[in-house]
2 protein chains.
Amino acid sequence: MSRSSKQKEAMLRILRRTTSHPSVDWIYEEVRREIPNISLGTIYRNLNMLKAEGAIIELSFGGAPTRYDGNCQPHYHFRCIKCGRVCDIDGQVNGDLDKRVAEDSGLEVLGHRLEFYGFCQDCGGCKESNAHPDR
Amino acid sequence: MSRSSKQKEAMLRILRRTTSHPSVDWIYEEVRREIPNISLGTIYRNLNMLKAEGAIIELSFGGAPTRYDGNCQPHYHFRCIKCGRVCDIDGQVNGDLDKRVAEDSGLEVLGHRLEFYGFCQDCGGCKESNAHPDR
DNA sequence: AATATAATAATAACAATTACTATTATGTCG
DNA sequence: CGACATAATAGTAATTGTTATTATTATATT
Ligand SMILES: [Mn+2]
Ligand SMILES: [Mn+2]
Ligand SMILES: [Zn+2]
Ligand SMILES: [Zn+2]
């Protein structure tokens, strides 16, 4: 069914060796260093494929462009509302939440999406402008 | 500073009398029944104003168009991945989460965004197509 | 009523993403 | 090994959701 390609392999390799939860544009620029004429459509298509296969995770919360994570271990994230940095939160995912909500509501709860936000270490002091976007 | 307008008042009134967490387009169509020549830009501008004033809540998670809520009580939501319906979850918001994450990580956590997903009562049985979108 | 200016309608611009299509690469099978 | 079927690609166009622009209108204040 799904064939391999150097484009897809490069993307997965790049996603696995960073912990920065990069954006589509960052991934595009990074892959272009190896495959200069890769198309942006290929980036999007392969990100969706890799996500569907469960090889990567999509961090898609409104307001900011989607970010991707090569670490598939279930874990939560923190997003800096000044610089946009996304970092991992240690500590396990609360799977009981889904069960509790399902029992209380009668809904068929399959999961939840949770993201924390605030100021990162670098941005804690000076809360004005957007200093280092896409970090 | 901020002046009143029949457009803004109509929007707030409409948002307060529904519990459907409507989309921008739904709100647009609804207001147009009162003010047929209202501009979509006005819808967006007033939604952002009302949000900034704390009069409404924006439910903006990636993947689906933004929804709005005239109920400003802090509460969580459930989204049906088949029909798109958004409904309220009873039970209080977990403010301790932010504190715990802040202590563990050293980050300045200001809040979190949480949404549950799964199949609603209507969609629990037949999980194929998209039956009633924007409900 | 005259004035200052916030809000509006209409439209253009924008950013993120998806769709299309002719060409190329990959895996399969004789 | 070829020949074949077709998945994946590059390049481009189109779509979607949203914000910016601008001339006009409505609102609040004197
Ligand atoms: Mn992560
Ligand atoms: Mn609600
Ligand atoms: Zn930061
Ligand atoms: Zn449903």
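Let us look at the structure shown here. (Residues numbered from 1 in each chain as written. Chains lettered and ligands numbered in written order. Predicted model: local features only at pLDDT ≥ 70, side-chain atom pairs only at ≥ 80, totals over all residues. Heavy atoms only, no water.)

The next subject is the relation of the copies chain A and chain B. Applying a rotation about an axis and a shift along it to one chain copy brings it onto the other copy. Least-squares fitting of chain A to chain B yields an RMSD of 0.1 Å, with the transformation described by 0.0 Å of translation along the axis and a rotation of 180°. Here the symmetry operator amounts to a two-fold rotation axis. Most of the interface of chain A is mirrored in chain B, where 100% of its interface residues are also at the interface. (Least-squares fit on C-alpha atoms with pLDDT ≥ 70 in both. Contact = heavy atoms within 4.5 Å.)

Taken together, the contact pairs 29 residues of chain A with 29 residues of chain B. Seen at the junction of chain A and chain B, the total is two salt bridges. Two residues, B:E115 and A:R113, come together in a salt bridge whose shortest N-O distance is 3.6 Å. Between the two partners, chain A and chain B, sit 12 residue pairs in polar contact (both at pLDDT 80 or more). Where the side of chain A that touches chain B is concerned, the elements lending two or more residues are β4 (86-89), α4 (96-105) and β5 (108-119) of chain A. Grouping the amino acids of the side of chain A that touches chain B by side-chain chemistry returns 15 nonpolar, nine polar and five charged. Both β5(A) and strand β5 (residues 108-119) of chain B contribute to a ladder of 11 bridges, which runs antiparallel. If you follow A:Y117 over to β5(B), its bridge partner there is B:G111. (Salt bridge = Lys/Arg side-chain N within 4 Å of Asp/Glu carboxyl O. Polar contact = N/O pair within 3.5 Å; in protein donor to acceptor, adjacent residues only side chain to side chain. Helix = DSSP H or I, 4+ residues; strand = E, 2+ residues; numbered from the N terminus. Nonpolar A, V, L, I, M, F, W, Y, C, P; charged D, E, K, R; others polar. Pairing = 2+ DSSP bridges.)

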